[in-house]
Amino acid sequence: MKVHVYDIPEIGVEIEPQHPQDEWFYELMSEVFGSELRQATEATALIRLDRTEKNVTLSGQVTAPLQLTCDRCLEPFQEACTIEMLEYLIPAVQNDGRHHEEDEIMLDEADLAFSTYSDQTLDLKELIREPLVLGLPLRHFCQDDCQGLCVQCGSNLNHSACQCKPDDSANPFAVLKTLKK
Ligand SMILES: [Zn+2]
Ligand SMILES: [Zn+2]
């Protein structure tokens, strides 16, 4: 979806993708979440654009219904993953081959994300792709206190305690013994 920068009103604008007319959004959901996405058309987003002259702030959130596998107990589970976005968009500097000291932007602030746009046009699909990918949780757990699997017998400790000796299960090398068999 393309938005002309100077079409963004003073008071800002909110964009809420709708099925089926905003096909770009559902395509992006499939590209970012892949096979973990349960139903692309059930993903939702609220994207806000605010403009101060040439500079635009993109904020909002995306929520996607996911089918995941727990990284501790390996059980499948479903979860709605919400990713918050905050991006600062500035016009791309025209490259005339010269070095412009004043055009350089310090990117030290970890929580400030700058992106650039060209031709006074924002391509929303491309602009929200990166914050989504970066915002994906690296690990998924079926519950915060998932007990995981016993390293010796493989029992799912969320369902029942196993009979293995607690001394061995506390030893991170115990799993090697079972692998060496
Ligand atoms: Zn789990
Ligand atoms: Zn066990």
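If you're wondering where the values come from, they're calculated on a predicted model, not measured in any experiment.

Caption draft 1: Examining the overall build of the protein chain more closely. A count of helices and strands for the protein chain gives 4 helices and 7 strands. Written out in order from the N terminus, the α and β elements of the protein chain read β-β-α-β-β-β-β-β-α-α-α. By residue count, 14% of the 181 residues in the protein chain fall in the buried class. Sequence separation of at least 24 residues holds for 60% of the intrachain contacts in the protein chain that already meet a minimum separation of 6.

Caption draft 2: The arrangement of the environment of Tyr26 in detail. Note on placement: Tyr26 falls in helix 1 (residues 23-33). Along the primary structure Tyr26 and Thr44 are separated by 18 residues, whereas in three dimensions their C-alpha atoms are 9.1 Å apart. Every residue in contact with Tyr26, bar those within four places of it in the chain, is listed here: His19, Ala40, Thr41 and Ala43.

Caption draft 3: Representation of the nonpolar core within the structure. One finds Met29, Ile47, Leu58, Ala64, Leu122, Leu124 and Leu127 to be the most contacted residues of the largest nonpolar core, which totals 21 residues. Listed by contribution, the elements that provide at least two residues to this core are helix 1, strand 3 (44-52), strand 4 (55-69), strand 5 (76-91) and helix 2 (124-135). In this structure, Ala64 is in contact with Met29, Phe33, Leu37, Ala43 and Cys81, ignoring residues within four places of it in sequence.

Caption draft 4: Here's a closer look at the sheet that holds strand 2 (residues 13-15). Sheet architecture is open: 5 strands sit in the order 2-3-4-5-6, paired in mixed fashion. For this open sheet the edge positions go to strand 2 and strand 6 (114-117), each flanked by a neighbour on one side alone. Across this sheet, the average inter-strand angle for adjacent strands is 30°, counted without regard to direction. Pairing geometry for strand 2 and strand 3, over 3 bridges, is antiparallel. Note on strand 3: the bridge partner recorded for Val13 is Leu49.

Caption draft 5: Highlighting the packing of helix 1 against helix 2. Where helix 1 contacts helix 2, the two axes come as close as 11 Å, and the packing angle between them is 30°. Taken together, helix 1 and helix 2 sit at an angle that is classed as roughly parallel. Between helix 1 and helix 2 lies a crossing whose hand is right-handed. Mapping the contact onto sequence places Trp24, Leu28 and Val32 in helix 1 and Lys125, Arg129, Leu132 and Val133 in helix 2. Taken together, the residues of the contact of helix 1 with helix 2 sort by class into 5 nonpolar, no polar and 2 charged.

Caption draft 6: A look at helix 2. Over its 12 residues, helix 2 runs 17 Å from end to end, which matches the ideal 16 Å to within 8%, given 1.5 Å per residue. Against the buried residues of helix 2 lie strand 1 (2-4), strand 3, strand 4, strand 5, strand 6 and strand 7 (121-123).

Calculation notes
Residues numbered from 1 in each chain as written. Chains lettered and ligands numbered in written order. Predicted model: local features only at pLDDT ≥ 70, side-chain atom pairs only at ≥ 80, totals over all residues. Helix = DSSP H or I, 4+ residues; strand = E, 2+ residues; numbered from the N terminus. Buried ≥ 20, exposed ≤ 12 C-beta atoms within 10 Å, placed from the backbone. Contact = placed C-beta atoms within 7 Å. Core = buried A, V, L, I, M, F, W, Y, C linked by C-beta atoms within 7 Å. Pairing = 2+ DSSP bridges. Axes fitted to C-alpha atoms, helices over the stretch in contact; angles between N-to-C directions. Parallel < 35°, antiparallel > 145°, perpendicular 65-115°, else oblique. Left-handed = near helix turned anticlockwise from the far one by under 90°. Nonpolar A, V, L, I, M, F, W, Y, C, P; charged D, E, K, R; others polar. Expected span 1.5 Å × (residues − 1).

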